[in-house]
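Chain residues, written in single-letter form:
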Amino acid sequence: MLADEVDFVIGVDTHTDSHALALVEARTQRTRRQLSIPCTRSGYRQALRLARRQAAGRRAWAVEGTGSYGAGLTRFLHARGEQVLEVERPRREGRQGRLKSDPLDAERAARQLIAGAAGARPRLEARTQALRALLVARESAVDERTAALNQLRALLLSCPPELRERLQGRSQRALVQACARLRGGSDPERAALCLALRFIARRVERLRAEADELEGELARRVHAIAPPLLARRGVGPICAGWLLVAWSEPGRVRSEAAFARLAGVAPIPASSGKVVRHRLDRGGDRRLNRALHTIVLGLRRTDPETKAYVARRVSEGKSEREAVRCLKRYLARSLFRLMEAMPWA
């Protein structure tokens, strides 16, 4: 229990402009001090002075949102040798969920950590956090490109017949290139439609170029950080990037079982009567789960061993979904051990 390892826990409820702190005694869970600080370096120094003055000795920080609102405070404390652990934001459900204030949330964070209900190490490795920024930017470009393509196809449905027939039946790239070159002519309605199609098509081309450039940079960085990961069959730079971001650094995730739970691929008992089965976990890091699922889909198409495994599991009475669940669990174990064994400087 953390209460046996530290004397004080400082819970932090993080926001854009300010953080609420609550200093809680680990053994008695009594709140000794509450404080609000600005999200600035002077505010961080004020928080650290409070901890050193009123929580001298063994202490830990329970910070909400270490990868977002609390990132600045987390890096500041970690650089000064403080023990910082991550706490999830509380769910607003039930009677207790209606009790809401920043000091109360800070106390909740501290008590969660003392009770052992939270306490993951924050993701602070600079190289994997750089990958996360590139992945988020690429994902945004891909989503916006998909939305623009859908708008383009929807507008084509209302085009004059001669224009629609000229553009129908083309591949996606050919359609975008043709729409990017459209000219309106003298008819004002046709001119407006062609202008809209042209701008949307050019947006699609720009977003495709952004996504390709970001993917190239991701591939270069992932290859520099973890070449053994890219060498695995079915693992591309995007999936490898999300794996590295979730894993972050050696020792952050305590075991391969914890990594499987983080990925949402740990089996959950779902037996009833004479039927003994497990189901997939719907929680966890869904981007990490999607990366594992993408790898499994690729292996099912190209890898003979994977095809044979699925066929054997189905012959034993499992459904294909259950066979895929088993594959994702095995893959999480295998890739976690690979990442932990990589040379890391």
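Residues numbered from 1 in each chain as written. Predicted model: local features only at pLDDT ≥ 70, side-chain atom pairs only at ≥ 80, totals over all residues. Heavy atoms only, no water.

(A) Broad picture of the overall build of the protein chain. For the protein chain, the count of helices and strands is 14 helices and 7 strands. For 345 residues, the compact-globule estimate of 2.2 N^0.38 gives 20 Å, and the C-alpha radius of gyration of the protein chain, at 26 Å, exceeds that figure by more than 25%. Seen along its three principal axes, the alpha-carbon backbone of the protein chain occupies a region of about 80 × 60 × 45 Å. Every one of the 345 residues in the protein chain was classed for burial, and the buried ones make up 43%. Within the protein chain, contacts between residues separated by at least 24 positions form 60% of all contacts whose residues are at least 6 apart in sequence. Counting every atom, the protein chain has about 18,500 Å² of accessible surface; 50% of that belongs to carbon and sulfur. Looking at charge distribution, the protein chain has the averaged site of its 66 positive side-chain charges lying 1 Å from that of its 38 negative ones. (Helix = DSSP H or I, 4+ residues; strand = E, 2+ residues; numbered from the N terminus. Rg over C-alpha atoms; globule rule 2.2 N^0.38 Å. Buried < 20%, exposed > 50% of the residue type's maximum accessible area, 1.4 Å probe, protein only. Contact = heavy atoms within 4.5 Å. Areas by Shrake-Rupley, 256 points an atom, 1.4 Å probe, with all protein chains shown as cover. Lys, Arg positive; Asp, Glu negative; His and termini not counted. Charge placed at Lys NZ, Arg CZ, Asp CG, Glu CD.)

(B) Local environment of helix α12 (residues 286-302). Its 17 residues place the ends of α12 24 Å apart at the C-alpha level, agreeing with the 24 Å of an ideal helix rising 1.5 Å per residue. Listed as buried for α12 are Leu 288, Asn 289, Ala 291, Leu 292, Ile 295, Val 296, Gly 298 and Leu 299. Buried residues along α12 sit in contact with α10 (237-247), α11 (256-263), α13 (304-315) and α14 (320-341). A distance of 3.1 Å separates the backbone nitrogen of Arg 287 from a side-chain oxygen at the start of α12, and that oxygen is part of Asp 285. (Expected span 1.5 Å × (residues − 1). Polar contact = N/O pair within 3.5 Å; in protein donor to acceptor, adjacent residues only side chain to side chain.)

(C) Seen up close, the sheet that holds strand β2 (residues 18-25). What the 5 strands build is an open sheet, ordered β3-β2-β1-β4-β5; its pairing is mixed. A strand with exactly one partner marks an edge of an open sheet, and here the two such strands are β3 (31-38) and β5 (84-87). This sheet shows a mean twist of 20° between the axes of neighbouring strands, independent of strand direction. Looking at chain direction, β2 and β3 are connected through 7 bridges and run antiparallel. Within β3, the residue paired with Leu 23 across the bridge is Arg 33. Docked against the sheet, helix α1 (residues 41-54) engages β1 (8-14), β2, β3 and β4 (59-64), running at close to 165° with respect to β3. (Pairing = 2+ DSSP bridges. Axes fitted to C-alpha atoms, helices over the stretch in contact; angles between N-to-C directions.)

(D) Inspection of the side chain of Asp 105 at higher detail. Locating Asp 105 in the fold gives a position in helix α4 (residues 102-115). In this structure the side chain of Asp 105 is engaged in a polar contact, spanning 2.7 Å, whose partner is the side chain of Arg 108.

(E) A look at the nonpolar core. Leu 229, Leu 243, Leu 244 and Phe 259 are the most contacted members of the largest nonpolar core, which totals 42 residues. Elements with a minimum of two residues in this core: α5 (126-157), α8 (188-225), α10, α11, α12 and α14. The leading source of residues in this core is α10, at 9 residues. Leave out the neighbours within four places in its chain, and Leu 243 touches Leu 229, Phe 259, Leu 288, Leu 292, Ile 295, Leu 335 and Met 339. (Core = buried A, V, L, I, M, F, W, Y, C linked by side-chain atoms within 4.5 Å.)

(F) The arrangement of the pairing of β4 in detail. With 6 of its 6 residues buried, β4 lies for the most part within the structure. Here β4 shows a buried face lined by Arg 59, Trp 61 and Val 63 and a second buried face lined by Ala 60, Ala 62 and Glu 64. As judged from the 5 bridges shared by β1 and β4, these two strands associate in the parallel manner. What sits directly across from Ile 10, in β4, is Trp 61. When β4 meets β5, the two strands line up parallel, connected through 4 bridges. Considered in β5, the bridge of Val 63 is made with Glu 86. In terms of handedness, the path from β4 via helix α2 (residues 71-79) over to β5 forms a crossover that is right-handed. (Right-handed = clockwise from strand over helix to strand, strands pointing away.)

(G) Spatial organisation of the packing of aromatic side chains. Tallied over the entire structure, the rule returns 2 aromatic pairs. Positioned above the aromatic ring of Phe 76 is the side chain of Arg 80, whose terminal nitrogen or guanidinium carbon lies 3.7 Å from the ring centre. (Phe/Tyr/Trp six-rings, centres within 6.5 Å; stacked < 30°, edge-to-face > 60°. Lys NZ or Arg CZ within 6 Å of the ring centre and 35° of its normal.)

Just geometry here; none of it tells us what the structure is for.
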